[in-house]
Amino acid sequence: MQKDKPYITTTNVISSIPNLCKSLNITEDELSQALSLGSDMYVRDRVEKSDGSYRVIHKPHYLLRKIQRRINKRIFQKLVGWPSYIFGSVPNTVNYKGEVVEPKDYVSCAAQHCGAKSLLKLDIKDFFDNIHIYHVERIFSGFFHYNEEVSKTLSQICTYNNVVVQGALTSSYIASLCLWDKELEVVERLKRKNLVYTRLVDDITVSSKVSNYQFDNASALIVEMLRSKDLPVNNNKTKVFHATIEPLMVHGMRVNFKEPRYPSDEVRRLRAAVRNVEMLASEPGYRTTFAYRKDFNRCMGRVSKLKRVKHEKHKHLVERLNKVLPLPSRTDLRRCKLSVRRLENDYNKKRESYWYKKRFYMVHDRLNVLQRTYFKTAYQLRERLKKIRPWYDHVENE
């Protein structure tokens with residue numbers, strides 16, 4: 001079932017810190033340690049953006065990461081139902097059979113605006129950095145109905161220096177819930193004007209099927225909503241588009257059809273990327289290098305986007321890439337053997353841990369490459385892995 005605003009899927013409430021720890025399957029000592037980390041909560045880092053600039057991110061301490069992961073799986077993913085206008089880093093909408101009835105990715109978001117003749121796009125400036133701990137605490141107290149102690153504790157785990165940060169595992173869910181008590185009213189007021197509203201994390205889009213529609217009132221409503229949460233609008237990225245010779249675009253997809261489509265120049269770029277990989281593969285010995293594997297995986301990921309929109313070129317391009325799959329090197333062979341041996345050594349003491357599970361499946365992934373050349377060795381290593389599988393009764397609770 002899907003409602004028009006975020007909603008809670010249970011009537012149970014976490015009423016105390018001991019109950020919180022029980023719900024997250026952690027000890028009170030672990031929670032206290034995480035809260036006392038101070039400046040050690042995160043390691044500051046940066047990643048390069050597509051425009052060449054850098055985005056500051058924060059890598060959480062392993063204990064903080066563990067707790068945030070549990071909050072995601074046991075609170076945000078399990079207890080929250082998401083409305084039809086929220087997209088991005090939230091679970092797909094499923095029916096009682098567990099079947100996906102509405103994907104929550106950017107393609108599905110763009111599909112809401114198909115047939116539009118006018119578009120308004122707004123971007124929330126430095127979204128995460130402008131979500132204050134006050135508003136995070138309001139999510140846990142007002143939306144989840146947790147008491148003050150539990151709400152304050154959870155908000156401290158999910159923020160750093162009193163704001164939400166990029167890199168924290170819980171940040172995207174908090175961003176999606178940030179407007180939980182304000183957004184529906186705006187959506188309904190816009191709907192009465194036959195306007196469609198969507199938000200993909202910090203990207204807000206409003207569309208109309210009327211040519212040259214004037215969005216002044218719609219923009220004012222949204223800006224007022226954001227200001228009520230102390231969220232500034234990025235004026236440089238707030239723009240209005242009307243249907244002309246150039247197609248209207250939402251999240252990189254053309255929306256002037258019944259279903260979203262990639263622009264033709266994007267498909268041309270994908271074909272060129274596949275040709276480039278084929279040329280690299282023709283160089284003697286290059287298919288066994290890490291650089292080739294990185295280029296191949298990036299290209300395959302881009303081509304896979306076409307499957308989401310059922311593009312006719314997807315199958316053909318995948319077939320071409322499958323002919324030039326990365327091949328294992330002698331280094332891969334040594335690393336796989338070493339990784340399996342280390343897992344065997346750690347099995348008795350660490351088989352219940354998240355990191356053991358992660359290492360276990362990383363080895364399985366590497367064996368997929370190894371078996372392309374060293375089939376017999378890969379088979380033998382898989383047989384050894386069968387004896388040291390993670391403890392699933394614990395893993396499912398991670």
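Structure: above.
Each chain has its residues counted from 1, running along the sequence as written. In keeping with the model being predicted, local features are shown solely for residues with a pLDDT of at least 70 and side-chain atom pairs are shown and tallied solely at 80 or more, while totals for entire chains, interfaces and linings include all residues. No hydrogens and no water enter the side-chain calculation; it runs on all heavy atoms of the structure.

A. Molecular detail of the state of the cysteines. Criterion for a disulfide: a pair of cysteine sulfur atoms at a distance within 2.5 Å. Across all of its chains, the model carries zero disulfides by this definition. Left without a disulfide partner, C158 is nearest to the cysteine sulfur of C178, which lies 13 Å away. When a residue's accessible area, from a 1.4 Å probe over protein chains only, is under 20% of the maximum for its type it is buried; when over 50% it is exposed; and in between it is partly exposed. The class for C178 is buried, based on a relative accessible area of 2%.

B. Main features of a positive patch on the surface. Together, R330, R334, R335, K337, R341, R342 and R366 make up a region of like positive charge exposed at the surface. Each helix is a run of H or I in the DSSP string that is no shorter than four residues. Each strand is a run of E no shorter than two, and both are numbered from the N terminus. The element contributing the most residues to the positive patch is helix α13 (residues 330-350), with six residues. The class of K337 is partly exposed, set by a relative accessible area of 37%. By definition, no residue in a patch forms a salt bridge, and every one has over 30% relative accessible area; like charges are joined within 9 Å, nonpolar side chains (Val, Leu, Ile, Met, Phe, Trp, Tyr) within 5 Å. Each accessible area is a Shrake-Rupley result for a 1.4 Å probe, and residues are judged covered by the shown protein chains and nothing else. Salt bridges are counted wherever a side-chain nitrogen of Lys or Arg sits within 4 Å of a carboxyl oxygen of Asp or Glu. The charge count includes Lys and Arg as positive and Asp and Glu as negative, but it does not include His or the ends of the chains. Lysine's charge is taken at NZ, arginine's at CZ, aspartate's at CG and glutamate's at CD.

C. Spatial organisation of the packing of aromatic side chains. A pair of aromatic rings is counted whenever rings of Phe, Tyr or Trp (Trp by its six-membered ring) have centres within 6.5 Å, and the orientation is called stacked for planes under 30 degrees apart, edge-to-face for over 60 and tilted otherwise. For the coordinates displayed, the defined rule picks out 16 aromatic pairs. Look at F143 and F144: their rings are 5.0 Å apart centre to centre, the planes differ by 90°, and that puts the pair in the edge-to-face class. In this pair, the class of F143 matches that of F144, namely buried. Taken together, the ring pairs in this structure connect F76, W82, F140, F143, F144, Y146, Y173 and W180 into an aromatic cluster. Above the face of the F241 ring, K121 is positioned so that its terminal group lies 5.0 Å from the ring centre. Charge over a ring is defined by NZ of Lys or CZ of Arg lying within 6 Å of the ring centre and within 35 degrees of the ring normal. When the ring centre of F257 is taken as reference, the NZ or CZ atom of R261 above it lies at 3.8 Å.

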